[in-house]
Amino acid sequence: MAEPRAPELQAEEILRRLTARGVDFVVIGGIAAVLHGSAQMTFDLDICYATDPGNLRALADVLVGLRARLKGLEDHLPFVADARTLRRVEILTLATELGELDVVARPAGGSSYEALRREADRFELDGFSVLVASVDDLITMKSITGRLKDLAAVEELEAIKQLRAERSTQ
């Protein structure tokens, strides 16, 4: 049986819920690139999260509220979005009632979550703000994956970085 089609991504609402619950996270992936000015299309939201016990509980609460389930697996397979599960995994690819969400404990490239957070840029959305991985960190993460779409995104992010540098010298 084919997997049911995922709902259209409502990234802003997912981000609003994470922020409202006090989850410590950084937006990574395609949405982060779009917030920095990329024109790429993306159909999921990727976040990297802090792994302290309180944050794991807060993130688990949001995932339960989103009715998160493992993407690509049948619904009858057991999955519990709780702090214990989040502590034991490095990445979960989830389908939620608001679209697809990937949650990552450790950013690609070997740096720590704390380093990713320290270099992140703050973006104001509609009544709340989120931390978004820096252009340099996005370039590093996308370069490591090596997928064609990520390598194309690297070129675009390099161009965005160059334009910003040129503007700052004018």
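Up top is the structure these notes are about.
These notes cover the structure that comes with them. (Residues numbered from 1 in each chain as written. Predicted model: local features only at pLDDT ≥ 70, side-chain atom pairs only at ≥ 80, totals over all residues. Heavy atoms only, no water.)

**Considering the pattern of salt bridges**
Close approach of charged atoms allows side chains with opposite charge to pair.
Item 1. In total, this model carries 13 salt bridges according to the counting rule given.
Item 2. Here R67 makes a salt bridge to E97, at a shortest N to O gap of 3.1 Å. Here R67, found in the loop between α3 (53-65) and β3 (69-70), pairs with E97, found in the loop between β4 (91-96) and β5 (99-104); they are 30 residues apart in sequence, far enough to count as distant.
Item 3. Judged by relative accessible area, R67 falls into the exposed class, the value being 59%.
Item 4. Overall, E97 belongs to the partly exposed group, its relative accessible area being 27%.
Item 5. The residue E90 makes a salt bridge to R106 at a minimum N-O spacing of 2.7 Å. Residue E90 is located in the loop between α4 (83-88) and β4, and its partner R106 is located in the loop between β5 and α5 (113-119); the two are separated by 16 residues in the primary sequence.
Item 6. By relative accessible area, which is 49% here, R106 ends up partly exposed. (Salt bridge = Lys/Arg side-chain N within 4 Å of Asp/Glu carboxyl O. Helix = DSSP H or I, 4+ residues; strand = E, 2+ residues; numbered from the N terminus. Buried < 20%, exposed > 50% of the residue type's maximum accessible area, 1.4 Å probe, protein only.)

**Things to note about the pairing of β4**
Item 1. Pairing analysis gives two bridges linking β3 to β4, with the strands arranged antiparallel. Among the inter-strand pairings, R69 is bridged to a residue of β4, identified as A95.
Item 2. Between the end of β4 and the start of β5, which pair antiparallel, lie two residues. (Pairing = 2+ DSSP bridges.)

**Here's the deal with the packing of helix α6 (residues 135-145) against helix α7 (residues 148-168)**
Item 1. The contact between α6 and α7 brings their axes to 9 Å, and the two run at 160°. With respect to their mutual orientation, α6 and α7 come out roughly antiparallel. Along this stretch, α6 crosses α7, giving a crossing that reads as left-handed. Only D150, L151, A153, V154, L157, E158, K161 and R164 of α7 make contact with α6, whose side of the interface consists of V135, D136, L138, I139, K142, S143 and T145.
Item 2. Split into classes, the residues belonging to the contact of α6 with α7 amount to seven nonpolar, two polar and six charged. (Axes fitted to C-alpha atoms, helices over the stretch in contact; angles between N-to-C directions. Parallel < 35°, antiparallel > 145°, perpendicular 65-115°, else oblique. Left-handed = near helix turned anticlockwise from the far one by under 90°. Contact = heavy atoms within 4.5 Å. Nonpolar A, V, L, I, M, F, W, Y, C, P; charged D, E, K, R; others polar.)

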